[in-house]
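Architecture at a glance
As a plain string of letters, each chain reads:
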Amino acid sequence: MLQALDGSLCIDGSQWAKMEPHCLGKPTDPGRSGSDNRRFIEAVLWIVRTGSPWRDLPAHFGNGSTAFRRFSDWRKADVFVKLFQACSDEPDMGFELLPGHRFDTVGVEPLIDGIDFGGLIADKAFDSDTIMADLNARGAKIVISQHPRRARPLPLDRELYKWRHLIEMV
């Protein structure tokens, strides 16, 4: 069983049970099959956690070039969206894609209204004093990249912010 840098698994058994049916390359699928889908997802999470290029993927995850091609295939087939949706009933996992246009902030208030959560990871489109005030009032952790024009920059947990790129890459 593969482990994260700190020795823990990134995907626990209950999460994997929900994800496995949505993976490509199962033995019952037509065409080629992946040797180990769970190991591949752990490899993707390693890339996201470390911010490393695929060529630096540790050997125990497999060949970086092959993993990148597989990642691209899964991205095109919306597999990662299906995996997030499959795990979205997990108490600490929520997933919602906003349109990705200017002024994404208009979609945030209805999205988080009435939902109890411990933090928000987002890009600088969400750098709004209104959103920041709401998150502070909730006692939520704020992990939002800020516009360069922000008068007083706020601290940013860069290690946690790397997780945002998992969504960006999908």
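Before going into details, it helps to say that this report is about the structure given with it. (Residues numbered from 1 in each chain as written. Predicted model: local features only at pLDDT ≥ 70, side-chain atom pairs only at ≥ 80, totals over all residues. Heavy atoms only, no water.)

Some remarks on the overall build of the protein chain
Filter applied, for reference: Here a helix means four or more residues in a row that DSSP labels H or I, a strand means two or more in a row labelled E, and each is numbered from the N terminus. Residue exposure (1.4 Å probe, protein chains only): buried if accessible area is under 20% of the type maximum, exposed if over 50%, otherwise partly exposed. Here, residues are in contact when the closest pair of their heavy atoms is within 4.5 Å. Calculation of accessible area relied on Shrake-Rupley with a 1.4 Å probe; when residues are assessed, cover is drawn exclusively from the protein chains displayed.
For the protein chain, the helix and strand inventory stands at 8 helices and 2 strands. The order of α-helices and β-strands along the protein chain, N terminus first, is α-α-α-α-α-β-α-β-α-α. Put simply, the protein chain has 170 residues, and 36% of those count as buried. A fraction of 46% describes how many contacts in the protein chain between residues 6 or more apart in sequence connect residues 24 or more apart. Approximately 10,600 Å² of the protein chain is accessible, and the part contributed by carbon and sulfur atoms is 53%.

Let's talk about the pairing of strand S2 (residues 141-144)
Looking along a regular strand, one sees side chains alternate from face to face of the sheet. As a reminder, the rule being used: Here a strand pair is declared whenever DSSP counts at least two bridges between the two strands. We call a crossover right-handed when, viewed with the strands running away from us, the connection from the first strand over the helix to the second turns clockwise.
Note: strand S1 (residues 119-122) against S2, 4 bridges, orientation parallel. Within the sheet, the bridge partner assigned to Gly-119 lies in S2 and is Lys-141. Handedness of the crossover is the feature at issue here: the chain leaves S1, passes through helix H6 (residues 129-138), returns alongside S2, and the resulting connection is right-handed.

Details of the packing of helix H3 (residues 64-76) against helix H4 (residues 79-87)
Helices that pack against each other are described as a pair by the angle of their axes relative to one another and the distance between those axes. What counts is decided by this rule: A fitted line through C-alpha atoms represents every axis, and for helices the fit uses only the stretch in contact; the resulting angles, taken between N-to-C directions, go from 0 to 180 degrees. Working definition: roughly parallel below 35 degrees, roughly antiparallel above 145 degrees, roughly perpendicular at 65 to 115 degrees, and oblique for all remaining angles.
Contact geometry for H3 and H4: axes closest at 5 Å, N-to-C directions at 70°. Considering the angle they form, H3 stands roughly perpendicular to H4. Mapping the contact onto sequence places Phe-71, Trp-74 and Arg-75 in H3 and Val-79, Phe-80 and Leu-83 in H4.

Examining the packing of aromatic side chains
To keep it simple, the criterion reads: Think of it this way: a Phe, Tyr or Trp ring, Trp meaning its six-membered ring, pairs with another when their centres are within 6.5 Å, and the plane angle makes it stacked under 30 degrees, edge-to-face over 60, tilted otherwise.
Scanning the model with the defined rule gives 6 aromatic pairs in all. Relative to Phe-80, the ring of Trp-74 has its centre 5.8 Å away and its plane inclined at 45°; by these criteria the two rings are tilted. Here Trp-74 matches Phe-80 in class, with each residue buried. Of the aromatic side chains, those joined through ring pairs into one cluster are Phe-40, Trp-54, Phe-68, Phe-71, Trp-74 and Phe-80.

Details of the packing of helix H2 (residues 37-50) against H3
Spelled out, the test is: Residue polarity follows a fixed list, in which Ala, Val, Leu, Ile, Met, Phe, Trp, Tyr, Cys and Pro are nonpolar, Asp, Glu, Lys and Arg are charged, and the others, Gly among them, are polar.
Contact geometry for H2 and H3: axes closest at 11 Å, N-to-C directions at 95°. Relative to H3, H2 is oriented roughly perpendicular. For the pair H2 and H3, the contacting residues are Asn-37, Phe-40, Ile-41 and Val-44 in the first and Ala-67, Arg-70, Phe-71 and Trp-74 in the second. The residue makeup of the contact of H2 with H3, split by class, is 6 nonpolar, 1 polar and 1 charged.

Things to note about unusual backbone geometry
Residue Asp-78 is not a glycine yet carries a positive backbone phi of 60°. Along the polypeptide, Asp-78 turns up in the loop between H3 and H4.

Considering the nonpolar core
Filter applied, for reference: By convention a nonpolar core is built from buried Ala, Val, Leu, Ile, Met, Phe, Trp, Tyr and Cys residues, the set being connected through side-chain atoms within 4.5 Å.
Ranked by size, the top nonpolar core spans 22 residues in total, and within it Phe-40, Ile-41, Leu-57, Trp-74, Phe-80 and Leu-83 carry the most contacts. At the level of elements, helix H1 (13-19), H2, H3 and H4 are the ones that each hand at least two residues to this core. Here the element with the most residues in this core is H2; it accounts for 7 residues. Aside from chain neighbours lying at most four places away, what touches Phe-40 is Ala-67, Arg-70, Phe-71, Trp-74 and Phe-80. By size, the runner-up hydrophobic cluster in this structure holds 12 residues, among which are Ala-122, Phe-126, Ile-131 and Met-132.

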